Structure formats: C-alpha cells, structure tokens
Amino acid sequence: MAEEDVLVRVKKIVVDRLGVDEADVKLEASFKEDLDADSLDIVELVMELEDEFNLEISDEDAEKIQTVGDVVSYIENHKS
Amino acid sequence: MGLQGKVALVTGASRGIGRAIAIALAKQGASIIVNYSGNKARAEETAADIRAAGAEALVWQSDISDEQSVQDMVKQSVDHFGHLDIVVNNAGITRDGLLMRMKETDWDAVLNTNLKGVFLVTKAALRPMMRQKQGRIINIASVVGILGNPGQANYVAAKAGLIGLTKATAREVASRGITVNAVAPGFIVTEMTDQLPEDVKEKMLSEIPLGKLGTPENVADVVSFLASDESRYMTGQTLSVDGGMAMQ
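Just so it is clear, the model here is predicted, and its values are computed rather than measured. (Residues numbered from 1 in each chain as written. Chains lettered and ligands numbered in written order. Predicted model: local features only at pLDDT ≥ 70, side-chain atom pairs only at ≥ 80, totals over all residues. Heavy atoms only, no water.)

Caption draft 1: Quick look at the UniProt feature "binding site: NADP(+)" (unreviewed entry) in chain B. All names here are of chain B. Feature annotation in UniProt places "binding site: NADP(+)" (unreviewed entry) on Gly12, Ala13, Ser14, Arg15, Asn90, Tyr155, Val156, Ala157, Ala158, Lys159 and Ile188, given in this structure's numbering. Look at the named residues: they lie 177 residues apart in sequence, and the longest C-alpha span between them is 24.4 Å, so in the fold they stay spread out. Residue position: Ser14 is located in the loop between strand S1 (7-10) and helix H1 (16-27). In this structure, Ser14 is in contact with Arg19, Asn35, Tyr36, Asn39, Arg42, Ala43 and Thr46, ignoring residues within four places of it in sequence. Within the secondary structure, Asn90 is located in the loop between strand S4 (86-89) and helix H4 (104-132). With residues up to four places along the chain from it excluded, the contact list for Asn90 reads Thr11, Gly12, Ile17, Gly18, Ile21 and Ile140. (UniProt positions renumbered as here; feature names shortened; annotations may be inferred. Helix = DSSP H or I, 4+ residues; strand = E, 2+ residues; numbered from the N terminus. Contact = heavy atoms within 4.5 Å.)

As structure tokens, this is what we get:
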C-alpha cells in the first residue's frame with residue numbers, strides 16, 4: 001500500500017465524516033483547529049479508520065492523533 | 001411488538017428485576033443477551049422464558065467489573081446478532097452495613113460492580129451504537145440513590161453516581177442519536193430485598209404513598225418504554241418507579 005493510496009483513502013473518510021472540502025484535508029491540517037472536529041468526531045473517525053484499514057488503534061495512540069499526517073503515518077507504521 | 005429486530009443486552013438477567021426486564025423486552029420482540037455472573041442455571045431459566053416468548057436468547061457469563069470480560073461479551077454479542085441496540089445496566093450487588101463498620105472490601109465490591117461495571121459496559125457498547133447512529137442505554141439506579149439510606153453507604157454512593165453517569169453519558173452521545181436514561185426502582189419484591197429485616201420492610205412500606213411494594217414487572221414496563229421508540233425525545237432522565245417514595 002503506497003503512501004498516496006493511504007492518503008486518498010484517509011481523505012475520503014475525513015471528507016465523508018466531517019463534511020469538509022477535500023482541498024482542506026492536507027497532511028498538516030489539525031482535526032480540531034482546521035477541520036472543526038470535536039473530540040467525539042475524532043473517536044468516530046478512529047473507529048472508521050480501524051474498519052477501513054483493518055487495524056486496532058489503542059486509546060492511547062488515538063489520543064495522540066492531531067493532524068491528518070498523524071493518521072497517515074500511523075497507518076503506514078501499523079498496516080498489516 | 002415494538003422492539004422487533006432489536007438486540008438488547010441485559011446485565012444481571014438471571015433473576016430479580018433483570019430477569020423481568022429481559023422477558024419484557026423479549027415479549028416486545030427483541031433478541032436478548034442474558035448476562036449473568038454466577039448462576040448459570042438461573043440464567044438458562046431466563047433464556048428459556050425468552051424463547052417461550054418467541055425471541056432469541058444468548059446466555060453469556062461475564063464479570064462486568066472486568067474490562068476484558070465486558071469487551072469480549074459485547075464483541076460476541078455483536079458478532080452473533082450483527083448489531084446492539086439496547087443495553088440495560090441492571091447487574092448490582094449489596095454489601096450492607098453501617099459506614100463506621102463497613103469494610104473497604106465491601107465498599108470496593110459494590111462500587112466495582114454497580115458503578116464501574118456500568119462504565120465498562122457502556123464504554124464497550126457505545127462503539128457499535130456510534131457506528132449504528134442509534135442506541136438506548138438504560139441504567140437501573142435506585143430510590144436510595146435519590147433519598148439515601150442508612151446502612152447502605154456503598155450502594156447509595158454507587159446508585160447516586162450512576163444517576164450522574166447517566167447524565168454525563170447522555171450529554172456526550174446525544175448528538176449521535178443515542179439516548180441514556182435511568183430508572184430508579186423503589187422497594188421491589190426480589191431476593192435482594194427479601195434479605196432486609198422485617199422492621200426495615202415495615203418502615204419502608206409506611207413510606208410508600210401507593211401503599212404497596214413494587215414488582216419486577218412494574219420496573220420492566222418502564223424500561224420497555226425507555227427502550228421503545230416512544231421515548232425518543234428523552235435523554236439524561238431518571239424515572240422513579242417507587243410508588244411515589246421520591247417525588248421530584
């Protein structure tokens with residue numbers, strides 16, 4: 001799975017879940033600051049990412065996720 | 001059959017109020033996960049009554065104060081039925097005694113099952129409910145959590161805490177179509193209340209405006225309402241089913 005492919009899939013989920021413009025979903029975009037997500041949105045996002053990429057993200061790791069880039073690198077590092 | 005196609009997990013469903021709730025929801029058409037902690041034979045009796053009512057039952061042993069045990073139960077429930085729509089946090093224990101003589105172990109045991117257990121079951125159940133964008137969580141509190149009761153500091157603290165937990169959870173998940181409410185039963189005829197001394201029972205009876213003890217079915221009827229679509233615009237509430245003991 002190439003990094004770009006991961007980014008494309010993450011972008012789609014973020015756009016669907018948060019109802020934001022795809023153009024705003026950049027690697028450095030913060031979910032809370034830039035994409036207007038609340039903490040419950042992030043919990044849901046994490047659950048959806050777990051389904052999409054078939055992995056389990058621990059509560060501890062989930063708390064560290066702040067930007068779109070955090071998600072992409074987490075998936076890169078943990079994909080099966 | 002207002003709950004046709006729904007799946008409900010009822011903790012502590014082998015006897016007492018939990019058993020009545022499980023059967024009442026089954027009669028409305030819901031499939032039931034019958035959780036129990038120790039008494040498998042009694043849990044199987046509840047399951048038999050559920051099947052006799054034409055609903056599906058899955059009997060599952062779990063210590064609700066143990067996170068792994070709870071997560072396994074919820075996962076198995078969702079794997080088996082495909083979804084989870086209603087959770088009734090009913091399981092509870094008592095270790096009564098005057099506060100000044102209460103052992104730390106008695107405090108911990110009651111808080112672990114009656115309050116932490118609800119937290120753990122709710123946490124696990126919210127995952128599938130968030131995915132579904134709908135769900136009903138119903139916590140069984142107690143009139144003593146509202147009025148207090150001597151000799152039950154641990155139980156009262158847990159039940160009052162449960163009412164607060166109900167409100168906090170309700171606010172957290174309201175935007176996702178999940179409602180969280182509590183039912184506070186009064187003096188209900190069960191094995192738990194049978195253990196109370198006669199003079200305590202007499203005194204309690206004198207404090208019930210409706211003049212009689214409640215039945216597990218009285219509580220189950222209100223839980224059925226909270227599980228149904230009719231209660232869709234209610235969340236964070238505690239409904240007293242106590243013959244008028246605590247009027248708010």
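Caption draft 2: Representation of the interface of chain A and chain B within the structure. Taken together, the contact between chain A and chain B spans 10 residues of the former and 9 residues of the latter. Roughly 770 Å² is buried in total at the junction of chain A and chain B, and carbon and sulfur atoms are behind 43% of that figure. Taken together, the links from chain A to chain B amount to 6 salt bridges. Of the charged contacts in the structure, one is a salt bridge between Lys133 of chain B and Glu44 of chain A, with a shortest N-O distance of 3.1 Å. Taken together, the connections running from chain A to chain B amount to 7 residue pairs in polar contact (both at pLDDT 80 or more). (Buried area = accessible area lost by both parts, 1.4 Å probe. Salt bridge = Lys/Arg side-chain N within 4 Å of Asp/Glu carboxyl O. Polar contact = N/O pair within 3.5 Å; in protein donor to acceptor, adjacent residues only side chain to side chain.)

Caption draft 3: Geometry of the confidence of the model for chain B. Averaged over chain B, the pLDDT score is 96; the fraction of residues at 70 or greater is 100%. Across the predicted assembly, pTM comes out at 0.91 and ipTM at 0.76. (pLDDT = per-residue confidence, 0-100.)

Caption draft 4: A look at the side chain of Asp242 of chain B. All names here are of chain B. Residue position: Asp242 is located in the segment after strand S7 (238-241). The side chain of Asp242 is buried and forms no salt bridge, while Lys212, the nearest opposite charge, is found at 13 Å. Engagement of the side chain of Asp242 in a polar contact is seen with the backbone nitrogen of Gly244, the distance being 2.9 Å. One polar contact links the side chain of Asp242 to the main-chain amide nitrogen of Ala246, over a distance of 2.9 Å. In contact with Asp242, not counting residues within four places along its chain, are Val143, Ala184, Pro185, Gly186 and Ile208. (Buried < 20%, exposed > 50% of the residue type's maximum accessible area, 1.4 Å probe, protein only. Lys, Arg positive; Asp, Glu negative; His and termini not counted.)

Caption draft 5: Broad picture of the pairing of strand S6 (residues 178-185) of chain B. Residues and elements named next belong to chain B. Here S6 lies mainly inside the structure; 8 of its 8 residues are buried. Burial along S6 is two-sided: Ile178, Val180, Ala182 and Ala184 and Thr179, Asn181, Val183 and Pro185, pointing in opposite directions, are all buried. In this sheet, S6 lies alongside strand S5 (residues 135-140) in parallel orientation, the contact comprising 6 bridges. Bridging across to S6, Gly135 finds its partner in Ile178. (Pairing = 2+ DSSP bridges.)

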